[in-house]
Amino acid sequence: MATTQSGREPRFAILGAGMSGILASVKLQEAGLGFTLFEKAEKVGGTWRENTYPGIACDVPSHVYSYSFELNPEWSYLCSPGAEIQAYFEGVAARHGIETSLRLGDAVVRCEWKGVDWEVETASGFSDRFDWVIAATGILHHPKYPEIEGLDSFEGANFHSARWDHDVPLDGRRIGIVGTGSSGIQITGELASRASKFSLFQRTAQWVVPVEQTAYTEEEREKFRTDADLLRNLHEELSQNFNDGFGTSVLDGNSEMVQGIQDTCTEHLDTVIEDPELRERLRPNYRAACKRLVVSHNFYEAIQHPNAELVTDDIVRIEPTGVRTADGRLHELDVLALATGFQVDRFMRPMTIRGRDGVLLDDVWKDRPSAYMAVGVPGFPNFFMLNGPNSPVGNFSLVQTAEMQFGYVMDLVEKVRTGELGYAMPTAEAAHRFEEERVEAAKKTVWATGCRSWYLDDRGIPFAWPFPFSRFRKEMAAPVLADFEAA
Ligand code: NAP
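Residues numbered from 1 in each chain as written. Predicted model: local features only at pLDDT ≥ 70, side-chain atom pairs only at ≥ 80, totals over all residues. Heavy atoms only, no water.

Draft legend 1. Representation of the domain arrangement of the protein in the model. According to the domain assignment, the protein consists of domain 1 (11-142 + 343-483) and domain 2 (151-207 + 254-338). Using only C-alpha atoms to locate each centre, domain 1 and domain 2 end up separated by 31 Å. With 19 residues of domain 1 at the interface, the matching set in domain 2 holds 23 residues. Taken together, the two surfaces of domain 1 and domain 2 that pack against each other cover about 1800 Å², and 52% of this comes from carbon and sulfur. Of all residues in domain 1, Tyr-53, Pro-54 and Asp-59 bury the most surface against domain 2, accounting for 36% of the area lost on that side. Taken together, domain 1 and domain 2 are joined by 2 salt bridges. Between Arg-292 and Asp-59 there is a salt bridge, and its shortest N-O distance comes to 2.6 Å. Between the two partners, domain 1 and domain 2, sit 7 residue pairs in polar contact (both at pLDDT 80 or more). Residues belonging to the side of domain 1 that touches domain 2 are distributed by class as follows: 9 nonpolar, 7 polar and 3 charged. (Domains from an automatic or database assignment. Contact = heavy atoms within 4.5 Å. Buried area = accessible area lost by both parts, 1.4 Å probe. Salt bridge = Lys/Arg side-chain N within 4 Å of Asp/Glu carboxyl O. Polar contact = N/O pair within 3.5 Å; in protein donor to acceptor, adjacent residues only side chain to side chain. Nonpolar A, V, L, I, M, F, W, Y, C, P; charged D, E, K, R; others polar.)

Draft legend 2. Examining the pattern of salt bridges more closely. In this structure the tally under the stated criterion is 44 salt bridges. Note that Arg-356 and Glu-485 form a salt bridge whose closest N and O atoms lie 2.8 Å from each other. In this pair, Arg-356 sits in the loop between strand 18 (352-354) and helix 10 (361-364) while Glu-485 sits in the segment after helix 13 (469-477), placing the two residues 129 residues apart along the sequence. On the basis of relative accessible area, Arg-356 is assigned to the partly exposed category, the value being 26%. Accessibility expressed as a relative area gives 21% for Glu-485, which makes it partly exposed. The closest approach of N and O atoms between Glu-414 and Arg-417, which form a salt bridge, is 2.8 Å. You can see Glu-414 and its partner Arg-417 sitting in helix 11 (residues 398-417), 3 residues apart, about one turn around the helix. Relative accessible area serves as the criterion here: at 35%, Glu-414 is assigned to the partly exposed category. The structure contains a network of salt bridges with shared partners spanning Arg-110, Glu-112, Lys-114, Asp-117, Glu-119, Glu-121 and Arg-129. (Helix = DSSP H or I, 4+ residues; strand = E, 2+ residues; numbered from the N terminus. Buried < 20%, exposed > 50% of the residue type's maximum accessible area, 1.4 Å probe, protein only.)

Draft legend 3. Representation of the site of the ligand. Near the ligand lie 24 residues; those nearest to it are Asp-59, Ser-183, Thr-204, Lys-291 and Trp-454. Residue Arg-203 places a side-chain N or O atom 2.9 Å away from an oxygen atom belonging to the ligand. Thr-204 is positioned such that a nitrogen or oxygen atom in its side chain is 2.4 Å from an oxygen atom of the ligand. Relative to its unbound accessible surface of 910 Å², the ligand loses 86% to contact with the protein. The dominant element in the shell around the ligand, judged by the number of residues it contributes, is helix 4 (residues 182-191), at 3 residues. Each of domain 1 (11-142 + 343-483) and domain 2 (151-207 + 254-338) gives at least three residues to the shell around the ligand. (Near = heavy atom within 4 Å. Areas by Shrake-Rupley, 256 points an atom, 1.4 Å probe, with all protein chains shown as cover.)

Here's what the structure looks like:
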């Protein structure tokens, strides 16, 4: 590899050892390029390391949620449990020997462009220089705690779903869960029958897509082990259905497929929930897929368990012994878990990221985060993000998205290597043009059809990639050099 502006072989800093960071490391390792993978926690795995709540699984089929270069014949279920997914990522990292370049337990606090390269500094005071920074810190990363009066006064066990305290006993206890997103629904599926009393505090009803919890048989796994084409075809077929099918349907709030999903969810609700009053309280009043769809094989059964109660009266405050709702009731609890989601506009912050001319990413993103083609930011040379702002989230496979984004970054590395670019940084004009077009397309998606969700930015505009998968594939296949600064 030729030298860079800084006069040495390019070196990469990868921020975050979750799915995207492990991917980038494996690929750089294969390419024989030097990198350091920075991880603030004590082990790799990202969201699957941090989310260990009871019932956790990935509701995307496991054969989609796998690297294309590390297909896994051993998945136990169509949608496998979280611990198995964590083990998969740890296994990939170990098999590819990336631990020699892994710096665990030391958070990056500052990345600063020094004119020719980046200085990266960690909390322990370690610092080093890199030609490229790849931020792979995830979206659903910083827990969001609800602003509910008296939360700190609760005398029982209280934690966020992404910070589950496994020392707290659950069986036979009075458990409350705030929130009915994918996390709250999965927790309910697991805990409703184990609690002596289970209270699910629902602010907004969810559309629930039914999926069978299909286990792969040993015979099927043996076929996957011995027939690589079978495994590859399954991965490709499932990914294509997801990316082109679901990924296209959400771009139009009135699409037939969205209507079909809504019909399926409605039938599920109408057939499984027996009590008409409960059924109506569980019936959403907005379009299916406006919020991130919830997928479940057991939620409706769980919420009908004799010990379970769906609470739809507003929470007024938390008291030492439980949750007080607007009807005046006190729901007494031993354990209160907050499945209240994540601060999705943080990305790699609170790190200080200082680009060219001393510009701070925090200032550039003071209104809201955005990125050219969902990967780069004007003013920040050789700085790219995987699954960063404006990335497809929920519409395409996150793993495939990261793989394609990484391929795009490697194309830019090559352009710098060959001298076609001095460094890789989108122009302000290109970023502005992309964002204007993106916002117009985003307004037509199902996410903008009138619901409250984490897909919306502070203006109420969906922040994700609002174009078809074909466009994403085309854009990621070849950077448009005219959109990058020539210097
Ligand atoms: P979420 O979807 O953001 O849901 C948060 C829930 O908390 C919502 O029901 C929200 O109500 C409720 N809430 C927030 N503040 C509240 C308050 N002050 N009072 C009452 N209720 C409040 O969070 P999540 O369930 O953790 O899921 C986040 C994302 O993680 C998912 O959308 C998905 O992308 C991902 N995830 C994926 C899987 C998987 O299997 N692949 C599993 C879990 C999570 P409103 O609806 O009224 O706002």
